[in-house]
Amino acid sequence: MTTMESLIGLVNRIQRACTVLGDYGGGDTTFSSLWEALPSVAVVGGQSSGKSSVLESIVGRDFLPRGSGIVTRRPLVLQLHKTDDGSQEYAEFLHLPRRKFSDFSLVRKEIQDETDRATGRTKQISPVPIHLSIYSPNVVNLTLIDLPGLTKVAVEGQPESVVQDIETMVRSYVDKPNCIILAISPANQDIATSDAIKLAREVDPSGDRTFGVLTKLDLMDKGTNALDVLEGRSYRLQHPWVGIVNRSQADINKNVDMIVARRKEQEYFATSPDYGHLANKMGSEYLAQLLSKHLESVIRARIPSITSLINKSIDELESELDHLGRPIGIDAGAQLYTILELCRAFDKIFKEHLDGGRPGGDRVYGVFDNQLPAALRKLPFDRHLSVQNVRKVVSEADGYQPHLIAPEQGYRRLIESSLNYFRGPAEASVDAVHFVLKELVRKSISETQELKHFPTLQGEIAGAANEALERFRDEGKKTVIRLVDMESSYLTVDFFRRLPQEVDKGGNPAASATDRYHEGHFRRIASNVSSYVGMVAETLRNTLPKAVVYCQVREAKQSLLNHFYTQIGRREGKQLGQLLDEDPALMERRLQCAKRLELYKSARDEIDSVSWTR
Ligand SMILES: Nc1nc2c(ncn2[C@@H]2O[C@H](COP(=O)(O)OP(=O)(O)OP(=O)(O)O)[C@@H](O)[C@H]2O)c(=O)[nH]1
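The model shown is predicted, which means the values in this text are computed figures rather than measured ones.

1. Here's the deal with the nonpolar core
No. 1: Of all hydrophobic cores here, the largest spans 107 residues; its most connected members are Leu34, Phe63, Leu132 and Leu217.
No. 2: Among the elements that make up this core, the one with the highest residue count is helix α10 (residues 284-324) (15 residues).
No. 3: With sequence-adjacent residues up to four places away left out, leucine 132 is seen in contact with Phe63, Leu76, Val77, Leu78, Gln79, Ala91, Glu92, Phe93, Val107 and Ile111.
No. 4: Judged by nonpolar contacts, the second largest core, of 69 residues, contains Val387, Phe454, Ala464 and Ala526.

Here you go:
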């Protein structure tokens, strides 16, 4: 394979991949189109300008649909592959792989049928191209895109809009800077009124990428010639004009062979008094060679920028796919795996919040360091242990017989009732930590990037985590209440043994007896109870946090989603799928990205393989 063949073949293969993956320029503008970066030759011309005849002559076969009205209604990407002399000619459609057409009348029929398949016989047009490859010894390697003929009026059965639709479609091809325009104009018509030239002038004013073709030279009025056009005086282009003589309608009716027609065309130029001096630069065979060489050189020049476009696009698509997350498997196992992965990602962030690294865990310590001590300080012991209340409680405990030495019952009642006050701050600490944890769950969910696309799973995880936190809270409350109750169930004996005995202090036993009902006596009881309660407060200030951490924080770290895991382990594939219902727009976007990525990677492989064989 020569370089020239492989370069055009390369673009052919990339173009086919583009069509398979839905990239044929225009339409989808969210992606940069690879198709648009590839050089191509688009054939444009007004109706009956001889467009089909030129293409058939280049191919050396008649194979295009004929008829009145707008026959070409979808772009036809015509890929010509030169084969060895003497080998059998055949055609192949991209949409019918592995079927070789050697009867070209069937090719014509298939083009018609395939056009109708997309447009539904309504004579509408469609921008989705048909790809046709022709393998023949009579062609040069070349790719041409046949477009609907430009027209001024819709014919019967076609909507009025078709005129505009055709122009829009043709424009979408020739607008692209990489498009080489093959502009076909009939010689028996004023070049200034040629539809093809009008359009080319608009999109390619410098004439850099326009090839002018003049057909029907044989149909010009006697005594006139097209030298002004062919020699570039009428309308100047960067490339030389090529004159063509196609088969006349009579030739077509007589089924004149294309190869014979080519020879007749050569003779026409060679013997023409007007064009004899241009003979070796005229005719359809010359045109095909000219285009092939030009296309090849344009492709060669474009390869580096195509490569860099491909590499850039691959990078962009890969990073977008990373961002979108990879698609999820459809079987239950893969779904369960994905759900567990997502839970783990959340759990990791949640732990980071508790352990530090992310903020929020410190607020748990804030509860122990500020809220709890402040709440303990605020308990109304002053009122509860006032002399009046102490007297009241002690007297009630004594009953009809006042206590003789120490009011044992009175002490107990005072202490028990005081210790009950600790339940409030104890439960409040549990609640405060509960709300800190709940807030951290909320934060962690919103910080888990991987979860972003799964609103349902987010909700489920939040629900499961909060349910678990409720359970931990209940457990925490039971435990702290138990700690408080333990304090009142058995009092610290040593504390009371170490209290100075009143009898020792007074010095006068007789006086102390009357003193017993004196205010000082109750004040002492109050102060003893108060210092016992103070001691217990100090203990609880240290032990309540331990209980809270043990029941809530530690559990949250170790087993926040355990319950959830056992639940989803039992679910069916369908229910798992529901947990993973992503935003449909996102799924679609991911699919598109993945397809693009596949396209660009295969294009890169194609380019790499050509560089190797060069
Ligand atoms: N004598 C002669 N007739 C030609 C030449 N080129 C095309 N014709 C005839 O002109 C008519 C239209 O040619 P086509 O090739 O079908 O033109 P087209 O632009 O494809 O036409 P539509 O597909 O209908 O838009 C046919 O009858 C051809 O035989 C030419 O160079 N010389």
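2. Structural notes on helix α9 (residues 258-271)
No. 1: Taking 1.5 Å per residue as the helical rise, α9 with its 14 residues ought to reach 20 Å, and the 20 Å between its terminal C-alpha atoms agrees with that figure.
No. 2: Along α9, the positions that sit buried rather than exposed are Met258, Ala261, Arg262, Glu265 and Phe269. One side of α9 holds all its buried residues, which, seen down the axis, span an arc of 105°. More than 90 degrees from the buried face of α9, the exposed residues found are Arg263, Ala270 and Thr271.

3. Section: the sheet that holds strand β6 (residues 179-186)
No. 1: Spatially, β3-β4-β2-β5-β1-β6-β7-β8 is the arrangement adopted by the 8 strands of the open sheet, whose pairing is mixed. Looking along the sheet, the strands with just one partner apiece sit at the ends: β3 (90-93) and β8 (242-243).
No. 2: Looking at chain direction, strand β1 (residues 40-45) and β6 are connected through 6 bridges and run parallel. By the bridge assignment for β6, glycine 45 is matched with isoleucine 184.
No. 3: Most of the contacts of α10 go to strand β5 (residues 142-146), to which it runs at about 105°, and overall it touches β1, β5, β6, β7 (210-215) and β8.

4. Brief notes about the packing of helix α3 (residues 51-59) against α10
No. 1: Contact geometry for α3 and α10: axes closest at 9 Å, N-to-C directions at 80°. Of the possible angle classes, the one that applies to α3 and α10 is roughly perpendicular. Packed against α3, whose contacting residues are Val54, Ser57 and Ile58, the element α10 presents Ser284, Leu287 and Ala288 at the interface.
No. 2: Its residues assigned to classes, the contact of α3 with α10 shows 4 nonpolar, 2 polar and no charged.

5. What about the site of the ligand?
No. 1: In the neighbourhood of the ligand, 18 residues make up the surrounding shell, with Ser52, Ser53, Asp218, Asn246 and Gln249 lying closest.
No. 2: Within the side chain of serine 53, an N or O atom sits 2.5 Å from an oxygen atom of the ligand.
No. 3: At 2.8 Å, a side-chain N or O of aspartate 218 approaches a nitrogen atom of the ligand.
No. 4: In the complex, 87% of the free accessible area of the ligand, which totals 640 Å², lies under the protein chains.
No. 5: Taken together, the elements giving at least two residues each to the shell around the ligand come down to α3 and α8 (249-253).

6. A look at the side chain of arginine 473
No. 1: On the secondary structure map, arginine 473 appears in helix α17 (residues 455-489).
No. 2: Arginine 473 sits in the buried class, given a relative accessible area of 16%.
No. 3: Setting aside chain neighbours within four positions, we find arginine 473 in contact with Val430, Asp431, His434, Phe435 and Gln552.

7. Topic: the pairing of β3
No. 1: A two-sided burial pattern is seen for β3, the buried positions comprising Tyr90 and Glu92 on one face and Ala91 and Phe93 on the other.
No. 2: Pairing geometry for β3 and strand β4 (residues 130-136), over 4 bridges, is antiparallel. Bridged to alanine 91 within β4 is isoleucine 134.

8. A short note on the environment of valine 43
No. 1: Structurally, valine 43 is set in strand β1.
No. 2: Considered as a pair, valine 43 and isoleucine 181 are 138 residues apart in the sequence and their alpha carbons are 6.3 Å apart.
No. 3: For valine 43, the residues in contact, after removing those within four places along its chain, are Lys51, Leu55, Leu144, Ile145, Asp146, Leu147, Leu182 and Ile184.

Reading the values: rules and limits
- Residues numbered from 1 in each chain as written.
- Predicted model: local features only at pLDDT ≥ 70, side-chain atom pairs only at ≥ 80, totals over all residues.
- Heavy atoms only, no water.
- Core = buried A, V, L, I, M, F, W, Y, C linked by side-chain atoms within 4.5 Å.
- Buried < 20%, exposed > 50% of the residue type's maximum accessible area, 1.4 Å probe, protein only.
- Helix = DSSP H or I, 4+ residues; strand = E, 2+ residues; numbered from the N terminus.
- Contact = heavy atoms within 4.5 Å.
- Expected span 1.5 Å × (residues − 1).
- Arc of directions from axis to C-beta.
- Pairing = 2+ DSSP bridges.
- Axes fitted to C-alpha atoms, helices over the stretch in contact; angles between N-to-C directions.
- Parallel < 35°, antiparallel > 145°, perpendicular 65-115°, else oblique.
- Nonpolar A, V, L, I, M, F, W, Y, C, P; charged D, E, K, R; others polar.
- Near = heavy atom within 4 Å.
- Polar contact = N/O pair within 3.5 Å; in protein donor to acceptor, adjacent residues only side chain to side chain.
- Areas by Shrake-Rupley, 256 points an atom, 1.4 Å probe, with all protein chains shown as cover.

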